[in-house]
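Analysis of the macromolecular model
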Amino acid sequence: MTLAPLWLSLQVSTVATGLTLLVGLPLAYLLARRHHPLMNMLDAISNLPLVLPPTVLGYYLLVAFGQSSPLGRWLDQLGIPLVFTWRGAVLAAWTVAMPLFLQAAGAAFATVDRELEDVARTLGESEWGIFWRVTLPLAARGILGGTLLAFARSLGDFGTTLMVAGNIPGRTQTMAIAIYDAVQAGDQARANLLVGILTITAIALLFAIRQMSHRWAGRSTR
Amino acid sequence: MIEVCLRHHLPGFVLDVAFHTTAGVTVLFGPSGAGKSLTLRAIAGLFRPHAGRVVVQGDTWLDTQQNVWIPPQRRKVGYVPQHYGLFPHLTVRENIAFGLRRWPSHQRTARVEELLTVMHLRELANRYPRELSGGQQQRVALARALAPRPHVLLLDEALGALDPVLREQLREEVRQIQRRYAIPVILITHDVHEMAAMADKVVAMHHGRVIQVAPPEEIFRRPATPALARAVGMRNLLTGTIRHHTEDITEIVWAGGTLKVPRVPYPPHTPVQFGIRPEDVVFVREDRPLKAAHNVLTTVIVGVHPAAFDYIITLQLVNNASVHLYARLPHPLVHELHLRPGQQRRILLRRRAIHIFPPVEEARSSKEEGAS
């Protein structure tokens, strides 16, 4: 019962990170490679969540996906409402995690030597094959870092999630929200426990990122 | 037979190149910014010009008039870029096998093994590119480019970054590859020594244009422009005026005297530039009878400078101190002739070694000719 917020947080963050990879990988590649006014605009928009207050972001999502919007009503009819469900928490986490991932993955794609892709072309490799055999492996380190960052950011989101998913214990109450709740209720012991767990998880994640970048750095300079 | 004709407009740069070649090794020679790399990339299909035609061994890879454009994947080119372009995440063996993915596995293995042997890479097969020296990386890049049996091998300054001894060795290897696999090679360089060592045919380029297509001897002896002459070591570039012609000789007024040169078709009073290589400036042996009675000049030796394999002698005309000439002599001869600064010596400019550049209007039309 006490750990329900942890499991929910992990579930929400995992799904949000998966979505981030799915949408972010092709998007980061396009942003890094195609220089077009439209791309620049998309780049600016994708960075918006970094500068907007989480509550503002949450409010936008609420307006876009809530009962009062056609999109929200349509999702309701399909039986997959977003607002005030765990799916809403995923949406919130995904929105805040995406710009971090795009930055890291975009930088990784941008540093891949285009000459290597040219050589692969002359060796008969298709554009699709070049992405999988050359570009992606060479950008893997940055992409992995971005993925972990996205996961960490999802895990820690508070404001946006609260706006979109609310605070329903056992259903939408994630770790960050549960901590706030415990403090508000004066439940010091519960707050300490949750804070401890979240802190240790964050440290473990950061440690993993460092280890990984060390190993890769070692591989590329040995 | 390789046929290349390209036209492309970029801001501040026009590429307008045409040449054909049947040579074993064709060298694209010119200063940086001449459009050599762009030309090579167009042959590889990595750059698509506005207009042009590329035909290699009977296959048309590009013909903008016929709307033909074959992507690089289907062109059968072996391409080695300036910094080799090895895949850092793959071993030597994996790099070489990269272009053989669609081959049956036993054939692929056999081909990779063959190239590992031919290129002396057997011991390095499982290393990563960063664990190799420059020369080894170069050989891996060559092996990888050759593996899928390309119809042409394109090398973009691929020998430039190595030390001189290694470069010499790799030049020989590229020549051997060319003969062994009977594959035409197109190589880019701005290094005159590399051009001389490698080329069967030279395509001299400048500012996006072809200025001369010729064997290296002709590029050295009869460069199309003074700029190319400077680049290939024709250090004595002089200016005179045509005086008159006799049967097979043209007389040129220069530095207060006259020079006899092989007949050229330009009318009298035409100002012309001409050049002579320092090797063709000959010191007159005063102890022997002099056969020629013309093109003999009296000079003062200004300096005797040791160069890598010989000496450069700087000279000044006695009757016109503003004219400087360079002579180039092998070591033993400098000692035999006791050449010292300050001495007065007579020199002979061999008639056949004097090269007259076409006057400017003519130069343009001969450019067109070279490009047709």
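Data block above holds the structure.
Let us look at the structure shown here. (Residues numbered from 1 in each chain as written. Chains lettered and ligands numbered in written order. Predicted model: local features only at pLDDT ≥ 70, side-chain atom pairs only at ≥ 80, totals over all residues.)

A few points about the sheet that holds strand 13 (residues 249-254) of chain B
The strands making up a sheet associate through backbone hydrogen bonding, with each pair oriented either parallel or antiparallel. All names here are of chain B. Spatial ordering of the open sheet is given by 14-13-12-15-21, a layout of 5 strands whose pairing is antiparallel. Here the strands that pair on one side only, and so sit at the sheet edges, are strand 14 (257-262) and strand 21 (355-356). The sheet contact formed by strand 13 and strand 14 spans 6 bridges and is antiparallel. Directly across from Val253, in strand 14, lies its bridge partner Thr258. (Pairing = 2+ DSSP bridges. Helix = DSSP H or I, 4+ residues; strand = E, 2+ residues; numbered from the N terminus.)

Observations concerning the packing of helix 6 (residues 114-122) of chain A against helix 7 (residues 127-156) of chain A
Residue and element names in this part refer to chain A. Their axes nearest at 10 Å, the elements helix 6 and helix 7 cross at an angle of 140°. The orientation of helix 6 relative to helix 7 falls into the category oblique. Our pair here, helix 6 against helix 7, has a crossing hand that is right-handed. Contact with helix 6, carried on its side by Leu116, Glu117, Ala120 and Arg121, involves Ile130, Val134 and Thr135 of helix 7 and no other residues of that element. A class-by-class count of the residues in the contact of helix 6 with helix 7 yields 4 nonpolar, 1 polar and 2 charged. (Axes fitted to C-alpha atoms, helices over the stretch in contact; angles between N-to-C directions. Parallel < 35°, antiparallel > 145°, perpendicular 65-115°, else oblique. Left-handed = near helix turned anticlockwise from the far one by under 90°. Contact = placed C-beta atoms within 7 Å. Nonpolar A, V, L, I, M, F, W, Y, C, P; charged D, E, K, R; others polar.)

A look at helix 9 (residues 175-184) of chain A
Of the positions making up helix 9 of chain A, those classed as buried are Met175, Ile177, Ala178, Ile179 and Ala182 of chain A. Looking one or two residues past helix 9 of chain A, Gly186 of chain A carries a phi angle of roughly 75°, positive in sign. (Buried ≥ 20, exposed ≤ 12 C-beta atoms within 10 Å, placed from the backbone.)

A closer look at the interface of chain B and chain A
With 15 residues of chain B in contact, the opposing surface of chain A contributes 15 residues. In terms of residue class, the side of chain B that touches chain A is built from 10 nonpolar, 4 polar and 1 charged.

A look at the environment of Val281 of chain B
Residues and elements named next belong to chain B. When you line up the elements, Val281 lands in strand 16 (residues 281-283). The exposure class assigned to Val281 is buried, which follows from the 23 C-beta atoms found within 10 Å. Distance from Val281 to Ile313, taken between C-alpha atoms, is 9.9 Å for residues 32 residues apart in sequence. Excluding residues within four positions of it along the chain, Val281 makes contact with Asn236, Ile276, Leu325, Ala327, Ile347 and Leu349.

Some details on helix 4 (residues 70-77) of chain A
In terms of burial, helix 4 of chain A is a largely surface element, 0 of the 8 residues being buried. Where helix 4 of chain A terminates, the next one or two residues include Gly79 of chain A, which has phi positive at roughly 85°.

Brief notes about the sheet that holds strand 18 (residues 310-317) of chain B
Residues and elements named next belong to chain B. Strand order in the open sheet made by the 5 strands is 16-20-17-18-19, with antiparallel pairing throughout. If you trace the sheet from one side to the other, it starts and ends with strand 16 and strand 19 (324-330), each paired once. Strand-to-strand twist in this sheet, taken as the mean axis angle between neighbours without regard to direction, amounts to 45°. Strand direction decides the pairing type here: strand 18 and strand 19, joined by 7 bridges, are antiparallel. From the neighbouring strand, Ile312 faces strand 19, where its bridge partner is Arg328.

A look at the environment of Arg352 of chain B
Residue and element names in this part refer to chain B. Along the chain, the position of Arg352 falls in the loop between strand 20 (344-349) and strand 21. Residue classification places Arg352 among the exposed positions, given that 9 C-beta atoms sit within 10 Å. Spatially, the C-alpha atom of Arg352 lies 23 Å from that of Ile211, the residues being 141 residues apart in sequence.

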